[in-house]
Amino acid sequence: MSGVIQRMKKSSMPIRLLMEAKRCTIALETKRGDIYRGRCVDIQESLNVSLSAVTLTKRNGTCLELDEVYLRGSQIRFFVLPDQLRIRFEQELTKVLDAYNAKEIRGGKGR
């Protein structure tokens, strides 16, 4: 497997995958260290997230129950997505890589 393909497999998941996380329960951590876990209502391309039925665990360990939360994408450190989305992403990546390898693209001048 070439270096480019290995980097593709190890790279972060694209925004399109995050868009598929709507209506799933996700967790995310903010730059301040707070952890939000709830049902994803909406994710925008700028990674702004709207969650409902949220459990907030603050950095000091206290927990709060919130109805709705809107988080700005620039304040989010990372997302934790359900395994089913990760598996689907890996299957799609495998299909793309198989199609890429099947084409046997060769370098050259195109003559």
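Residues numbered from 1 in each chain as written. Predicted model: local features only at pLDDT ≥ 70, side-chain atom pairs only at ≥ 80, totals over all residues. Heavy atoms only, no water.

Participant: Is there a simple way to explain the overall build of the protein chain in this structure?
Facilitator: Counting its secondary structure elements, the protein chain contains 3 helices and 5 strands. Along its sequence from the N terminus, the protein chain presents helices and strands in the succession α-α-β-β-β-β-β-α. Counted over contacts in the protein chain with a minimum sequence separation of 6, partners at least 24 positions apart contribute 45%. Surface summary for the protein chain: the accessible area is close to 8,100 Å², and the carbon and sulfur share equals 50%. (Helix = DSSP H or I, 4+ residues; strand = E, 2+ residues; numbered from the N terminus. Contact = heavy atoms within 4.5 Å. Areas by Shrake-Rupley, 256 points an atom, 1.4 Å probe, with all protein chains shown as cover.)

Participant: Which parts of the structure should I look at to understand unusual backbone geometry?
Facilitator: Glycine aside, negative phi is the norm for most residues, and most peptide bonds take the trans geometry. Positioned with a positive phi, arginine 23 is a non-glycine residue whose angle comes to about 70 degrees. Tracing the chain through its elements places arginine 23 in the loop between helix 2 (15-19) and strand 1 (25-30). Non-glycine residue alanine 53 carries a positive phi angle of around 50 degrees. Considering the arrangement of structural elements, one finds alanine 53 in strand 3 (residues 49-57).

Participant: Honestly, the pairing of strand 4 (residues 63-71) in this entry has me stumped. Any pointers?
Facilitator: For a regular strand, side-chain orientation follows a simple rule: the groups alternate between the two sheet faces. Here strand 3 runs beside strand 4; their pairing, made up of 8 bridges, is antiparallel. Paired with leucine 51 across the bridge in strand 4 is valine 69. Between the end of strand 3 and the start of strand 4, which pair antiparallel, lie 5 residues, with glycine 61 showing a positive phi angle near 100 degrees. (Pairing = 2+ DSSP bridges.)

Participant: Would you take a moment to explain the pattern of salt bridges for this structure?
Facilitator: A side chain of one charge can pair with a side chain of the opposite charge when the charged atoms of the two come close. For the structure shown, the criterion picks out 3 salt bridges. A salt bridge links glutamate 29 to arginine 77, with the shortest nitrogen-to-oxygen separation between them at 2.9 Å. Taken together, the residues span a long stretch of sequence, with glutamate 29 in strand 1 and arginine 77 in strand 5 (residues 76-80) at a distance of 48 residues. Residue class for glutamate 29 comes out buried when judged on its relative accessible area of 16%. The partly exposed category is assigned to arginine 77, whose relative accessible area is 47%. Of the charged contacts in the structure, one is a salt bridge between aspartate 34 and arginine 32, with a shortest N-O distance of 3.2 Å. (Salt bridge = Lys/Arg side-chain N within 4 Å of Asp/Glu carboxyl O. Buried < 20%, exposed > 50% of the residue type's maximum accessible area, 1.4 Å probe, protein only.)

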